[in-house]
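Secondary and tertiary structure notes
Chain residues, written in single-letter form:
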Amino acid sequence: SAAMAQSSEGSIYGQGKASAAVVVTNLETGATRQVKADANGNFSLAKMQPGRYTVASGGVTREITVSIGSGTKVVLDSEATLQQVEVKGSRVRSGIDVASVESSTVFSSEQIQNLPVARNVNAVAMLAPGVVKGDGGLGDGGLPSFGGASVAENGYYINGFDVTNIRNFLSYANLPFDAISEQQMKTGGYGAEYGRSLGGVVSLVTKRGTNTWKGGATLSWEPESLYSKGKNVRDLEPTRPNNYTLFQESDKESHMNASVYAGGPIIPNKLFVFGLIETKNDQINNFGLNQSIREKSDRPNGMIKLDFLPTDDHRLEFTYIDNKKKIGYRDYTNTTPYSVTNDGVAAVSEETSGGDVSIFKYTGYLTDNLTVSALAGRVNDMAAKTTGARTLGEECPVVLANDFSEIGCWVGPWPGNGARDPAAPDDKDTRNAFRFDVDYKLGNHSIRGGLDNQKFKSSEAGGSSYTGGYYYLYRVSTDGTVNGIPGAVTPGSEYVRRRQYQSTSGSYEVDNSAFYIEDSWRITKNVLLYGGLRWESFDNKNGDGVSFVKADNLLAPRFGASWDVNGNSSLKVFGNYGRYFIPVASNTNIRMTRGEIFQHRYYSYTGRDPVTQAPLGMVEYGNPQTNGDGTLPLPATVADTKLSPMSQDELILGFQKAIAKGWTAGAKVTHRKINNGMDDWCDGPALERWALANGYPNFDYHTAASCVLINPGKDVSIKMDVENDGVLQDVVIPASATGLAKYTRTYDALELSIEKAFDGKWGLQGSYTLSRSRGSAEGYVNSTIDQEDAGVSQDFDFGSFTDGNYGYLANDRRHAIKVFGTWAINDTFRMGVGFNATSGRPKSCIGFVPTTTVDYAGGLDGANGAGAYNSASTYYCLNDAGQTVLTQRGEQGRTPWTSTVDLQFAYTPKIGKDKLTFQVDVFNVFNQQEVTETDEIRDFSRATSLIAPGQLSMNYGQPTSFQSPRSVKLTARYEF
């Protein structure tokens, strides 16, 4: 039977003599397992820790390496087969895993060290085929996009424990880089054990202690003097003649990281420990028009790992990770524009974030055929908390002049630091999770099953997004009209718009649970069939603990097949189909169910406060534009009562072939399609129009939630007070009444790959991916406007926002070429190389909806329509003549190709049995700085787009992001 591998473990399978005993010994811990081959000589062992093993039977012994999430085949005959590559004598590993139907790539810590790659898991993930870099404005920048999915649809695991932060899926619990033993990227076709992601899975296994004391120290330094200069981009608006939209040429940064680690036996063969302490000194200096910012991060982190083997049949593990983060800021007010001297007096602040991870695991090899495991853990993660000078001036409201320059005494940059609810606790995310898995071998079947429960809680302080509680924006009225009221001010003079955004505090819970069962059935010696079923359940609750989205037993089937064509793992043909669900982010709980006031009011004024620059002597004109009145919405009104959580179907067909000793090549095609896209819809007036047309003249849309979570393009089942009598009734709003386009996303790809396994001299991997990603939505985030609100973006707020929204998506990189490898020049000199070339991303034209759209004006009160949005959100934009026209997503050309060459040179002298490494990594050797993103907003502002001809943004099409400049990392490493 096949032995399917799990997220933090591997498996061993193969053939020996019929009914013979097979003894497997872990060369690092001394643990031994013995199983009996079946009547055909087949044997398998599940849940094997990654590491080195000997497999012996009938007088034949093989030394193998087990990798995370992979199966290692062992043939106990007198000769190694073609796909087994000899490394250091008798040690072999399988290049083709014929017992798996999934697509994955694995790197050991040694392989990572031998490649010119940055010290973070996202950079390593980019090496996998089919993975491209997402837009830098999301998360911490540089997050990976797997198979056309957005960067907010991946899963991250440490030692089999899910550490993804599902507030918005854009972060995860960090692990000190030198504590990584292996990293696996699952890019598709993963089994029923996995769920809650539509992109890919990044799985890490930590280092652990063995029977031999091993350790070392690493010092890496990226000096400021070896960073090449970035690029500046001039602001082309005539009212800002000496400004820049990007000012990076003078920015400076340096990074230093030191770690000390050791592991070994506390009790030989029984109790092992590994520990690591990492210190760092990251310094970044950014310069701007009025301010320069110097930041420093130097808080140490660490990890400890304990393994206890009371017997060979039982294993207990404990992992603890400290990943708290502290950043010190020194803000300088420039004496001259764009000063690069850090002049003036520094305003000192500090930002703290992060937390810790605790993981407990038990594995029991109860019989030759039965293995069980139980895992429990917790992740604590505090959102960034600022103290010091940046919190001063909270009495000062946010004020911008009519050219959007920042004025007054508030603490910038826009939108300020907010006015936080002083009674609320720290914003924090906590995950408590438990899973139990069973593996059972029954004849030619390897059956697995288990349960997987998670409870995720996010606390969020309420208050205002704006320092001082309000945001004032001075505007010019060319004809004297303010908020639809003629003659409010003298033509050509200023008025003011006041924005109020306030919210309530709360703690919001997400309960995710799943059961799964799967069977890997060896129907013949060469053919493996896989079948699995996962039952997903999601439950999202408001601040009072009442469910507003609850879906039970969502069925996610998985099927696959693997054909070992020649019977010796030299040619594998495989295919799989699967359905995958992703949970509703806890950010959705916060955004959809807390009480919010979002209101615009418009005023004339007689003067300005000399300190705050806030308007004085205000007289209001017109009706307030209100999207929320602060009351807590009823859970039954904020989401479609028949909401289908977002899911995706995936189909993969491919093959792998051993083409020579040590060489393998492969090809696969992938098709992915979103079934039930999910986002929020905020067109209350559309409810009013539907009610009037269907015999409910008394309905007041203000009694409904300001936004509703729905499946765009489908009928909406919701509770509404249609008679305006305080009684909620179930109604169905047909898709045609919403005006929304259907939520779609499809991804198609052809992937070609080749690998020359490292044989002690050299190794190489390469891939080419031809792909296409199209649809009406990118996914859980919006890269075009860098919106990180997972599942509640602006994309489907109004029907007119979806006009023209079908096209090539932000993560559509048509061509991606990757080549990387290592060359051992001799015993002491080594060279590594990496090459990555990617075609550009599509560009769009973004602007404001015209007055002719049915949802422009809003309800009968003339408020809350699509025209009230003052941020560009749609594919309506001004043409060269200043006329608003409808464009199509992604039709404005593409950014240029980008390519990067990275090099590594290492000197590795031995000191007795110890090893010393001096290493230089040069990233972006040729200092390529092509444009990676551009300004896609064509209209200057909401107000100026209404005046014919409309005012164009002179910065449309200007670069907003470039490739990272050349940098150099110097590393010294000592290992014993």
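Predicted model, so just to flag it, every value in this text is computed and none were measured.

Focus: the sheet that holds strand E18 (residues 201–206)
Across the sheet, which stays open at both edges, the 5 strands sit in the order E10-E17-E18-E13-E14 with mixed pairing between neighbours. Only two strands of the sheet have a single neighbouring strand rather than two, namely strand E10 (103–108) and strand E14 (161–162). Pairing analysis gives 2 bridges linking strand E13 (residues 155–158) to E14, with the strands arranged antiparallel. Directly across from Ile 158, in E14, lies its bridge partner Phe 161.

Focus on helix H3 (residues 586–593)
Taking burial as the measure, the 8 residues of H3 include 7 buried ones, the bulk of the element. Taken as a whole, H3 has its buried residues at Ser 586, Asn 587, Thr 588, Asn 589, Ile 590, Met 592 and Thr 593. On its buried side, H3 packs onto strand E34 (445–460), strand E38 (506–522), strand E39 (527–541), strand E40 (547–564), strand E49 (679–681) and strand E50 (708–710).

Brief notes about the pattern of salt bridges
Scanning the entire structure with this criterion turns up 55 salt bridges. Here Lys 324 ties to Asp 356 by a salt bridge, and the two come within 3.9 Å at their closest N and O atoms. With Lys 324 in the loop between strand E26 (314–322) and strand E27 (325–333) and Asp 356 in strand E28 (residues 347–365), the pair connects residues that are 32 residues apart, well separated along the chain. Lys 324 gets classed as partly exposed once you look at its relative accessible area, which sits at 29%. Among the ionic pairs, Arg 594 bridges to Glu 460, the shortest N-O distance being 4.0 Å. Here Glu 460 lies in strand E34 and Arg 594 lies in the loop between H3 and strand E42 (596–604), a separation of 134 residues in the sequence. With a relative accessible area of 9%, Arg 594 lands in the buried category.

Re the state of the cysteines
Counting across every chain of the model gives 3 disulfides. Two residues share a disulfide in this structure: Cys 682 and Cys 707, whose sulfurs sit 2.0 Å from each other. Because the torsion about its S-S bond is 105°, the bridge between Cys 682 and Cys 707 counts as right-handed. Here Cys 682, found in the loop between E49 and helix H4 (684–693), pairs with Cys 707, found in the loop between H4 and E50; they are 25 residues apart in sequence, far enough to count as distant. Assessed through its relative accessible area of 6%, Cys 682 is described here as buried.

Comments concerning the sheet that holds strand E7 (residues 71–75)
Read across the sheet, 3 strands follow the order E4-E1-E7 without closing on themselves; strand pairing throughout is mixed. What marks the edges here is a single partner per strand, and that holds for strand E4 (42–48) and E7. With direction set aside, neighbouring strand axes in the sheet form an average angle of 15°.

Digging into H4
Burial within H4 is extensive, with 7 of its 10 residues counted as buried. Every buried residue of H4 is accounted for by Gly 684, Pro 685, Ala 686, Leu 687, Glu 688, Trp 690 and Ala 691. In the stretch just after H4, Gly 695 is the one whose phi turns positive, near 85°.

Definitions and limits used
In this numbering scheme, every chain counts its residues from 1 along its sequence in written order. Reporting of local features is limited, given that this is a predicted model, to residues whose pLDDT is at least 70; pairs of side-chain atoms are given and counted only at 80 or more, and all residues count toward the totals for whole chains, interfaces and linings. Side-chain calculation: all heavy atoms of the structure are included, whereas hydrogens and water are not. A pair of strands counts as paired when DSSP detects no fewer than two bridges linking them. The numbering of helices and of strands both runs from the N terminus, where a helix is a DSSP run of H or I of at least 4 residues and a strand a run of E of at least 2. For every residue, the accessible area (1.4 Å probe, protein chains only) is compared with the maximum for its type, and the residue is labelled buried under 20%, exposed over 50%, or partly exposed between those bounds. Contacts between residues were defined by any pair of non-hydrogen atoms, one from each residue, lying within 4.5 Å. Salt bridge criterion: a side-chain nitrogen from Lys or Arg within 4 Å of a carboxyl oxygen from Asp or Glu. The disulfide criterion is simple: two cysteine sulfur atoms within 2.5 Å. Each axis is a line fitted through C-alpha atoms, and for a helix only the stretch in contact is used; angles between axes span 0 to 180 degrees, taken between their N-to-C directions.

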